[in-house]
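# Analysis of the macromolecular model
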Amino acid sequence: MIERAAELLARAHQGLVFTGAGVSTESGIRDFRGPNGLWKQYDPYKTADIRYFMEDPTRYWTISRERWRTYKQAHPNPGHYAIAAMEEAGHVSAVVTQNTDGLHAAAGSRTVIELHGNGSQVVCLDCGGREPRVDVQARLETEMPPRCRLCSGTFIKPAVVFFGEALPAGALADAYAHAATADLVLVVGSSLQVYPAADIPMEGVRAGAPLIIVNEERTPFDELAQVVIRAKSGEALPQLLEKAQQLAGA
Ligand code: APR
Ligand code: ZN
């Protein structure tokens, strides 16, 4: 499996890597739908849906206060570093991620498109005011739900896309443009169940790019893939990169 995938990666010069929460679980951040997924514990539509948030921001912030602790101390894992090295080696031109943890950039990836935003900033839905997420975390013990520093509104949320919210138009257009010209699509750690994000790898397949999926569980796209690697991304990606570099150097 890895050999076949390494041949495809070695030949690629404009590969698109598409990642989901699975690429960050080895950094200590829970995914959503895997065996220990967040949505096995909480109802996603009562936690990260904009309509429920507006009804009662406390529900969301109570969970986010805990989750932030793992986010804050998370570091990139060998999977993130391997993806950054694939870009450095000229096989990959962009990483499109559904993750909001900033770990791809922290690992050195340069072209990172964050379809679901980034959790490091908090934005006020009333006045548009923004502040660092770490500052809001500091007052969550005494201020729940947290209030906007500028207008005292209680509808402040991390600058991430909730269910029921539109994706950032620029990021989505950028992701489609990369997918349409990709000569390889490498999906890592995503259940490929959430749209429109999951249509990005599909766009690459429609444009004729070969598809590799590295995921611990089955996905709806497995039948479309040239190669499916059922493994941990933190283990499989460094091996994949090493074999591709041997072939490219051969
Ligand atoms: N290596 C490989 N695969 C892994 C690993 C790992 N170390 N850990 C988990 N996985 C797999 C899981 O088996 C699962 O199939 O990664 C996949 C993660 O899927 P989800 O938890 O559904 O995450 P994701 O696809 O990113 O979800 C998309 O849903 O809740 C929304 O906005 C949220 O961005 C998220 C979106
Ligand atoms: Zn405000």
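Quick caveat, the model's predicted, so the values are computed rather than measured.

### Thoughts on the site of ligand 1
The local shell around ligand 1 holds 22 residues, among which Phe32, Arg33, Ser190, Ser191 and Glu217 are the closest. Between ligand 1 and the protein, one listed contact pairs an oxygen atom with a backbone N or O atom of Phe32 at 2.7 Å. Glu217 is positioned such that a nitrogen or oxygen atom in its side chain is 2.6 Å from an oxygen atom of ligand 1. If ligand 1 stood free it would expose 730 Å²; the protein chains cover 95% of that surface. Tallied by class, the residues present in the shell around ligand 1 amount to six nonpolar, 10 polar and six charged.

### Quick word on the sheet that holds strand S4 (residues 117–124)
Sheet architecture is open: three strands sit in the order S5-S4-S6, paired in antiparallel fashion. The open sheet has two edge strands with one neighbour each: strand S5 (130–132) and strand S6 (156–160). Between one strand axis and the next, the sheet turns by 40° as a mean value, whatever way the strands run. Inspection of the sheet shows S4 paired to S6 by four bridges, in the antiparallel sense.

### Things to note about the packing of helix H1 (residues 2–11) against helix H11 (residues 233–249)
Helices that pack against each other are described as a pair by the angle of their axes relative to one another and the distance between those axes. At a closest axis distance of 8 Å, the pairing of H1 and H11 adopts a crossing angle of 60°. Classified by the interaxial angle, the pair formed by H1 and H11 is oblique. For the pair H1 and H11, the crossing hand works out as right-handed. Between H1, through Ile2, Glu3, Ala5, Ala6, Glu7, Leu9 and Ala10, and H11, the contact on the second element is made entirely by Ala236, Gln239, Leu240, Leu241, Lys243, Ala244, Leu247 and Ala248. Residue classes in the contact of H1 with H11 are distributed as 11 nonpolar, one polar and three charged.

### As for the domain arrangement of the protein chain
As assigned here, the protein chain comprises domain 1 (1–29 + 76–116 + 166–250) and domain 2 (34–73 + 117–160). Relative to domain 2, the C-alpha centre of domain 1 lies at a distance of 28 Å. Each partner contributes residues to the interface: domain 1 has 10 residues there, and domain 2 has 10 residues. Contact with domain 2 buries surface across domain 1, with Ile29, Thr100 and His116 losing the most and accounting together for 58% of the total. Summed over the shared surface of domain 1 and domain 2, the number is zero salt bridges. Along the lines of polarity and charge, the residues of the side of domain 1 that touches domain 2 split into two nonpolar, five polar and three charged.

Analysis parameters
Residues numbered from 1 in each chain as written. Chains lettered and ligands numbered in written order. Predicted model: local features only at pLDDT ≥ 70, side-chain atom pairs only at ≥ 80, totals over all residues. Heavy atoms only, no water. Near = heavy atom within 4 Å. Polar contact = N/O pair within 3.5 Å; in protein donor to acceptor, adjacent residues only side chain to side chain. Areas by Shrake-Rupley, 256 points an atom, 1.4 Å probe, with all protein chains shown as cover. Nonpolar A, V, L, I, M, F, W, Y, C, P; charged D, E, K, R; others polar. Pairing = 2+ DSSP bridges. Helix = DSSP H or I, 4+ residues; strand = E, 2+ residues; numbered from the N terminus. Axes fitted to C-alpha atoms, helices over the stretch in contact; angles between N-to-C directions. Parallel < 35°, antiparallel > 145°, perpendicular 65-115°, else oblique. Left-handed = near helix turned anticlockwise from the far one by under 90°. Contact = heavy atoms within 4.5 Å. Domains from an automatic or database assignment. Buried area = accessible area lost by both parts, 1.4 Å probe. Salt bridge = Lys/Arg side-chain N within 4 Å of Asp/Glu carboxyl O.

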